[in-house]
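Understanding the architecture of this molecule
Next come the chains, spelled out residue by residue.
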Amino acid sequence: MPFRPRYTGLIERYRDRLPVNDDTRLISLGEGNTPLLKLNNIPKVLGKDIEIYVKYEGLNPTGSFKDRGMTMAVTKAVEEGSKAIICASTGNTSASAAAYAARAGIAAFVLIPEGKIALGKLAQGMMHGATVIQIKGNFDEGMQLVKDVAEHAPVTIVNSINPYRLQGQKTAAFEIVEELSCAPDFHCLPVGNAGNITAHWMGYSEYFEDGIVGTRPKMVGYQAAGSAPFMRGHMVDDPETVATAIRIGHPQSWDKAWKVKEESQGWFDECSDEQILAAQKLLAEHEGVFCEPASATSLAGAIADIESGKIPEGSKIVCTLTGHGLKDPDTAIKQSTAPMMTVEATLDAVRDVILSNMTD
Ligand SMILES: *Cc1c(COP(=O)(O)O)cnc(C)c1O
């Protein structure tokens, strides 16, 4: 039987676990159902007996996990009669909001920090017809403005403080459990506003409480060192990191994330920008997986904790790769060590390059 039902997105798939009813008009771009790839080569590079999976969320419709939350948030906004959505964003939320608003036929307003958003994300917001408002300030300042303006204008906030966002995002944990037939021992994520680590814990806990799995993972959240309020124990006013998607000093899910850490017996840690970029390169070169810098923070942190033994050998680990590498081509090209070469258009010239670059 070569036929199967068309995949129509995560709300349809997890309808009974999400706040929708039969009359709800679903706003979907076919998000979710992303690959859970087992790393073949990196464990060998590390010389460790360890099972690492990456959940490649960059393969969502707009290239990041934000789509899981956005399908729910926009579906509910439309159901409640909203004609416009608004968000502050380091880039991916704005790309996702713009696309889902276009799909729904409503307006999107997005506030982004001037000069601090990756090129691909900016292109998406503009292309989908959102009103892109660059502010001379960072994400945290944009977030405050969004909260203030939403009290005075008929717009629905679709940042992760919108509770439907986390409902949609929890489905990533469902998919992982279904494919592994169990929960992993450790689940590692990059942490910015900490909505995603909170949402994953909700998903794992829901399956645990319903008896679908007997265990839950330790949740491990990694931050960029220059933008690590969870490590400092307080908010940070001038966050800075190459991983622009997690350049956030005032996490919106602060209390929730501390609770996740306690309940799951996990921890937070930080990675330098060098570690983050090295992990991004390692994944691209050894596994064929291209994620954006912020996403590689999950693997960078996991590698450090595997090497120190904090994550013991024999463990089953899932690292979330939150966004696609093509989002940020500038950073990728800048860190490429091999310079681009130009040669004569002759057989000799091209053959010389091949012979001098063959490794045996
Ligand atoms: C939004 C985002 C994050 C951070 O997720 P939070 O839920 O804010 O912690 C990490 N990586 C990428 C690529 C993102 O877009």
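Note that residues are indexed from 1 along each chain, following the sequence as it is written. Reporting in this predicted model follows two pLDDT cut-offs: at least 70 for local features of residues, and 80 or more for side-chain atom pairs to be given and counted; totals over whole chains, interfaces and linings ignore these cut-offs and use all residues. The basis for every side-chain value is the complete set of heavy atoms in the structure, and neither hydrogens nor water enter the calculation.

1. Some points on the pairing of strand E3 (residues 84–88)
The following threshold applies: A simple rule labels every residue: compare its accessible area, found with a 1.4 Å probe on the protein chains alone, to the largest value its type can have, and call it buried under 20%, exposed over 50%, or partly exposed in between. For the purposes of this entry, the term helix denotes a DSSP run of H or I that reaches at least four residues, the term strand denotes a run of E that reaches at least two, and both are numbered from the N terminus. Strand pairing is assigned whenever DSSP detects at least two bridges linking the two strands. When the strands point away from the viewer and the path from the first strand over the helix to the second turns clockwise, the crossover is right-handed.
Burial of E3 is extensive: 5 of the 5 residues sit out of reach of the surface. Neither face of E3 is open: one carries Ala84, Ile86 and Ala88, the other Ile85 and Cys87, and all of them are buried. In this sheet, strand E4 (residues 107–113) lies alongside E3 in parallel orientation, the contact comprising 5 bridges. Paired with Ile85 across the strands is Ala108, a residue of E4. With helix H4 (residues 92–104) bridging E3 and the parallel E4, this β-α-β connection has right-handed handedness. With 2 bridges joining them, E3 and strand E6 (residues 156–157) adopt parallel strand pairing. Bridge pairing links Ile86 to Ile157 in E6.

2. Concerning the packing of aromatic side chains
As a reminder, the rule being used: Each pair of aromatic rings taken from Phe, Tyr and Trp, with Trp reduced to its six-membered ring, is defined by centres within 6.5 Å and is described as stacked if the planes are under 30 degrees apart, edge-to-face if over 60, and tilted in the remaining cases. Here, a charge over a ring means that NZ of Lys or CZ of Arg falls within 6 Å of the ring centre while also lying within 35 degrees of the ring normal.
Scanning the entire structure with this criterion turns up 8 aromatic pairs. Aromatic side chains Trp254 and Trp258 sit 5.6 Å apart centroid to centroid with 80° between the ring planes, which places their arrangement in the edge-to-face category. Of this pair, Trp254 and Trp258 both sit in helix H11 (residues 254–264), separated by 4 residues, roughly a single helical turn. Residue classification places Trp258 among the partly exposed residues on the basis of a relative accessible area of 24%. Clustering of aromatic rings is evident, with ring pairs tying together Phe230, Trp254, Trp258 and Phe268. A cation over a ring is seen here: Arg17 above Phe174, with NZ or CZ 5.6 Å from the ring centre.

3. Describing the environment of Gly91
Condition: Note on contacts: a residue pair is in contact if any heavy atoms of the two residues lie within 4.5 Å.
Mapping Gly91 onto the fold places it in the loop between E3 and H4. Residues Gly91 and Ile176 lie 85 residues apart in sequence; the distance between their C-alpha atoms is 26 Å. Setting aside residues no more than four positions away along its own chain, Gly91 makes contact with Ile117 and Lys121.

4. Some thoughts on the site of the ligand
Counted only if it meets this: Whether a residue is near a molecule or strand depends on its heavy atoms: it is near if one of them lies within 4 Å of it. Distance and chemistry together define a polar contact, namely a pair of N or O atoms within 3.5 Å, with one atom able to donate a hydrogen and the other to accept it when in protein, and with adjacent residues in sequence counting only for side-chain atoms on both sides. All accessibility values rest on the Shrake-Rupley procedure with a 1.4 Å probe; residue burial counts only the protein chains present in the view. By the convention adopted, Pro, Cys, Tyr, Trp, Phe, Met, Ile, Leu, Val and Ala count as nonpolar, Lys, Arg, Asp and Glu as charged, and the other residues, Gly among them, as polar.
Near the ligand you find 17 residues, and of these Lys66, Asn92, Asn193, Ala194 and Thr322 are the closest. In the model, an oxygen atom of the ligand is placed 2.8 Å from a nitrogen or oxygen of the Asn193 main chain. Residue Thr322 places a side-chain N or O atom 2.7 Å away from a nitrogen atom belonging to the ligand. About the coverage of the ligand: the protein hides 97% of its 380 Å² of free accessible area. Those elements giving two or more residues to the shell around the ligand turn out to be helix H9 (195–209) and helix H13 (293–308). Classifying every residue of the shell around the ligand by side-chain character gives 7 nonpolar, 8 polar and 2 charged.

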